[in-house]
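Structure assessment
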Amino acid sequence: VAMSSGPIITKVQWGSILVSGKDRPYKDAKVWPTGSRAWDWSETGTSHNPGVQPTDLDELFDKSHYLDALVISCGMELVLQVPESTVLYAKERCAQVFVLQTEEAVFKYNELVREGQRVAGLFHSTC
């Protein structure tokens, strides 16, 4: 069994993301190798369009020091936009960047953590 390199997302469903070590689920989550917290869109003015902003990623890079991979979910129904500028910003700081539908993003994130990679993610649990 590979050693975990961060929190695992134990359950994802519409409106709810449960991260290991937490008592309550998040609606949207920021997860990094040493922790997690609610992703509050109002902090950076994020909305479905134009979508995930580079400023949404800064905390993940700041708390992680370095990352092997970053996973960004674009919602259960792919409504949350992830602009090319945000992807390029991430790729300047991290070797692998995955932009996926939420359930696929959770699967990829957990897979990378179980492989022992240092991975962070942004997860949106609705649309």
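Residues numbered from 1 in each chain as written. Predicted model: local features only at pLDDT ≥ 70, side-chain atom pairs only at ≥ 80, totals over all residues. Heavy atoms only, no water.

The next thing to look at is the sheet that holds strand β6 (residues 96–100). Across the sheet, which stays open at both edges, the five strands sit in the order β4-β3-β7-β5-β6 with mixed pairing between neighbours. Every interior strand has two partners, whereas the edge strands, β4 (35–38) and β6, have only one. Here the average twist between neighbouring strands, direction ignored, is 10°. Of the pairings in the sheet, the one linking strand β3 (residues 28–32) to strand β7 (residues 119–124) comprises four bridges and is antiparallel in character. Residue alanine 29 lies in a different strand from β7, and its bridge partner there is phenylalanine 123. Its contacts with the sheet place helix α3 (residues 102–114) against β3, β5 (69–73), β6 and β7, and it is angled at close to 160° to β7. (Pairing = 2+ DSSP bridges. Helix = DSSP H or I, 4+ residues; strand = E, 2+ residues; numbered from the N terminus. Axes fitted to C-alpha atoms, helices over the stretch in contact; angles between N-to-C directions. Contact = heavy atoms within 4.5 Å.)

This part is about the state of the cysteines. Scanning all chains against the criterion turns up zero disulfides. The closest cysteine sulfur to the non-disulfide-bonded cysteine 74 is located on cysteine 127, 11 Å from its own sulfur. Looking at the unpaired cysteine 94, the closest cysteine sulfur is the one in cysteine 74, lying at 17 Å. On the basis of relative accessibility, which here comes to 3%, the residue cysteine 94 falls in the buried class. (Disulfide = S-S within 2.5 Å. Buried < 20%, exposed > 50% of the residue type's maximum accessible area, 1.4 Å probe, protein only.)

So, about the nonpolar core. Membership of the largest hydrophobic core comes to 20 residues, with the highest contact counts inside it found for Val52, Leu57, Phe61, Leu70 and Ile72. When contributions to this core are tallied by element, the ones reaching two or more residues are α1 (54–64), β5, α2 (84–93) and β7. Ile8, Tyr26, Val106 and Val113 belong to the second largest nonpolar core, which has 17 residues in total. (Core = buried A, V, L, I, M, F, W, Y, C linked by side-chain atoms within 4.5 Å.)

For the rest of this paragraph, the subject is the pattern of salt bridges. Under the defined criterion, the tally for this structure stands at seven salt bridges. The shortest N-O distance in the salt bridge between aspartate 28 and lysine 27 comes to 3.4 Å. Glutamate 43 is the partner of arginine 37 in a salt bridge, and the nearest nitrogen-oxygen pair spans 2.6 Å. Judged by relative accessible area, arginine 37 falls into the partly exposed class, the value being 24%. Taking relative accessible area as the criterion, glutamate 43 reaches 46% and is therefore assigned partly exposed. (Salt bridge = Lys/Arg side-chain N within 4 Å of Asp/Glu carboxyl O.)

Turning our eyes to something else, we now look at the side chain of serine 125. Here serine 125 shows up in the segment after β7. Among the polar contacts made by the side chain of serine 125, one reaches the main-chain amide nitrogen of serine 16 at a distance of 3.3 Å. In contact with serine 125, not counting residues within four places along its chain, are Gln13, Trp14, Gly15, Ser16, Ile17, Lys27, Asp28 and Met76. (Polar contact = N/O pair within 3.5 Å; in protein donor to acceptor, adjacent residues only side chain to side chain.)

Glancing now at unusual backbone geometry. That bond from asparagine 49 to proline 50 is cis: its omega, 15°, falls within 30 degrees of zero. Residues other than glycine seldom take positive phi values, yet histidine 65 does so here, at roughly 65°. Tracing the backbone shows histidine 65 in the loop between α1 and β5.

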